[in-house]
Amino acid sequence: MIAGGCLCGAVRYEANAEPLTMRACWCRFCQHIAAGNAAIGLAFPRKAMTITGELRDYATVADSGSHMHRRFCPSCGVHLFSEAEERLHLIFVRAGTLDDPSIVRPSVVIWTAQAPKWAKIDPDCVRFEGQPPPIA
Amino acid sequence: MIEGGCLCGAVRYKANAEPLVVRACWCRLCQYIAAGNATINLAFPSEAVTITGELSDYESMAESGRHMHRRFCPACGVHLFSEAEERPHLIIIRAGTLDDPSIAVPSGNIWTSKAPEWACIDPHLPQFEGQPPPVGTSQK
């Protein structure tokens with residue numbers, strides 16, 4: 001079981017599956033959510049995820065054209081989840097919210113075209129300049 | 001003039017000074033705010049920064065012992081600022097909120113003892129395992 005939550009503890013989650021992928025995203029949107037860095041996201045099957053607590057939804061259309069719902073805790077402002085209406089079978093979890101972030105090992109870096117010049121990108125990761133092909 | 005704001009545009013700011021320092025912070029709290037990564041932070045003199053729009057405040061005691069106020073936009077959840085009660089002459093701005101993040105070239109990494117194994121840390125930059133010495137001490 002993989003568990004996590006926000007900083008203040010108002011939101012908690014459990015996933016009873018292994019992550020389908022772990023990737024770092026440098027899109028300009030993610031830089032806002034990740035305090036200037038790439039956001040580290042883990043994809044899970046949506047049906048494997050149980051969430052408790054109130055979430056606020058920031059809804060947008062992504063650069064990829066997907067209709068996104070980025071959900072955060074209204075009390076501490078920590079972003080926990082991202083879901084696309086076009087892929088309702090998946091949910092992305094922000095790696096910083098895991099109780100044990102040591103399980104994370106990003107293997108893919110996406111939207112590198114939007115990374116700042118000073119970005120440090122792991123040379124062992126697979127790179128995509130923009131949106132990668134769907135994972136599932 | 002350095003400008004920025006949150007994702008939804010409800011919060012905007014302007015700084016009429018150069019940043020005192022730009023650093024990446026790997027403390028565990030910052031990993032929550034930075035989606036698992038290090039936060040990239042710019043320190044400015046508080047008097048140089050003008051802010052418009054409503055902010056929510058997440059208060060906590062930092063590992064350094066300071067009383068912190070991390071401020072975020074209640075509409076889009078983007079963290080923009082961090083302030084310590086013990087150091088009211090400084091305000092920290094999260095680099096992702098800059099209109100031009102290319103100016104936020106980090107000069108060092110702090111709290112590297114909390115960084116995950118996969119962290120990609122520039123070996124040419126200074127590193128602090130924990131809290132570094134204060135910036136802007138002369139203004140205290």
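Computed from a predicted model, the values in this text were never measured in an experiment.

Draft legend 1. Molecular detail of the overall build of chain B. Counting its secondary structure elements, chain B contains one helix and ten strands. Reading chain B from its N terminus to its C terminus gives the helix and strand order β-β-β-α-β-β-β-β-β-β-β. Projecting the C-alpha coordinates of chain B onto the three principal axes gives extents of approximately 35 × 35 × 30 Å. The buried share of chain B, taken over its 140 residues, is 56%. A separation threshold of at least 6 residues defines the contact pool for chain B, and within that pool the share at least 24 residues apart is 54%. Total accessible area computed for chain B in this model is approximately 6000 Å², and 51% of it derives from carbon and sulfur atoms.

Draft legend 2. Focus on the overall build of chain A. Looking only at helices and strands, chain A features one helix and eleven strands. Tracing chain A from N to C terminus, the helices and strands come up as β-β-β-α-β-β-β-β-β-β-β-β. For 136 residues, the compact-globule estimate of 2.2 N^0.38 gives 14 Å, and chain A sits close to it at 14 Å. Projecting the C-alpha coordinates of chain A onto the three principal axes gives extents of approximately 35 × 30 × 30 Å. Taken over 136 residues, chain A has a buried fraction of 58%. The long-range fraction of contacts in chain A, counting pairs at least 24 apart against all pairs at least 6 apart in sequence, stands at 53%. Accessible area for chain A stands at about 5900 Å²; split by element, carbon and sulfur atoms hold 51% of it. Averaging the locations of the 14 positively and 13 negatively charged side chains of chain A gives two centres separated by 4 Å.

Draft legend 3. Focus on the pattern of salt bridges. One pass over the structure, following the stated rule, counts nine salt bridges over all chains. We note a salt bridge from Asp57 of chain A to Arg71 of chain A, for which the minimum N-O separation is 3.5 Å. Here Asp57 of chain A is found in strand S6 (residues 56-61), whereas its partner Arg71 of chain A is found in strand S7 (residues 67-72), with 14 residues between them in sequence. Residue Arg71 of chain A is classed as partly exposed on the basis of its relative accessible area, which comes to 22%. Close ionic contact of Glu83 of chain B with Arg71 of chain B constitutes a salt bridge, the shortest N to O distance being 2.7 Å. Residue Glu83 of chain B is found in strand S8 (residues 79-84), and its partner Arg71 of chain B is found in strand S7 (residues 67-72); the two are separated by twelve residues along the sequence. Given a relative accessible area of 22%, Glu83 of chain B falls into the partly exposed group. Each member of the salt-bridge network shares a partner with another, and the members are Arg46, Asp57, Arg71 and Glu83 of chain A.

Draft legend 4. Spatial organisation of the sheet that holds strand S5 (residues 49-52) of chain A. Residue and element names in this part refer to chain A. Across the sheet, three strands lie side by side as S1-S2-S5; this open sheet has antiparallel pairing. What marks the edges here is a single partner per strand, and that holds for strand S1 (2-5) and S5. Across this sheet, the average inter-strand angle for adjacent strands is 15°, counted without regard to direction.

Draft legend 5. Local environment of the sheet that holds strand S3 (residues 21-25) of chain A. Residue and element names in this part refer to chain A. Read across the open sheet, the eight strands follow the order S6-S7-S8-S9-S4-S3-S10-S11; overall the sheet is mixed. Strand pairing shows two members of the sheet lacking a second neighbour, S6 and strand S11 (126-127), which therefore form its edges. Bridge count for S3 against strand S4 (residues 39-45) is five bridges, and the pairing is antiparallel. Across the sheet, the residue bridging to Arg23 is Gly41, located in S4.

Draft legend 6. Representation of the nonpolar core in the model. Counting residues in hydrophobic clusters, the biggest one holds 38 residues, and the most contacted among them are Phe44, Leu80 and Ala104 of chain B. Secondary-structure elements contributing two or more residues to this core are helix H1 (28-33) and strand S10 (108-110) of chain A together with strand S2 (12-15), strand S3 (21-25), strand S4 (39-45), S8 and strand S9 (90-94) of chain B. If you look at the next biggest cluster of nonpolar residues, it comprises 32 residues, including Tyr13, Leu42, Leu80 and Phe81 of chain A.

Conventions we followed
Residues numbered from 1 in each chain as written. Chains lettered and ligands numbered in written order. Predicted model: local features only at pLDDT ≥ 70, side-chain atom pairs only at ≥ 80, totals over all residues. Heavy atoms only, no water. Helix = DSSP H or I, 4+ residues; strand = E, 2+ residues; numbered from the N terminus. Buried < 20%, exposed > 50% of the residue type's maximum accessible area, 1.4 Å probe, protein only. Contact = heavy atoms within 4.5 Å. Areas by Shrake-Rupley, 256 points an atom, 1.4 Å probe, with all protein chains shown as cover. Rg over C-alpha atoms; globule rule 2.2 N^0.38 Å. Lys, Arg positive; Asp, Glu negative; His and termini not counted. Charge placed at Lys NZ, Arg CZ, Asp CG, Glu CD. Salt bridge = Lys/Arg side-chain N within 4 Å of Asp/Glu carboxyl O. Pairing = 2+ DSSP bridges. Axes fitted to C-alpha atoms, helices over the stretch in contact; angles between N-to-C directions. Core = buried A, V, L, I, M, F, W, Y, C linked by side-chain atoms within 4.5 Å.

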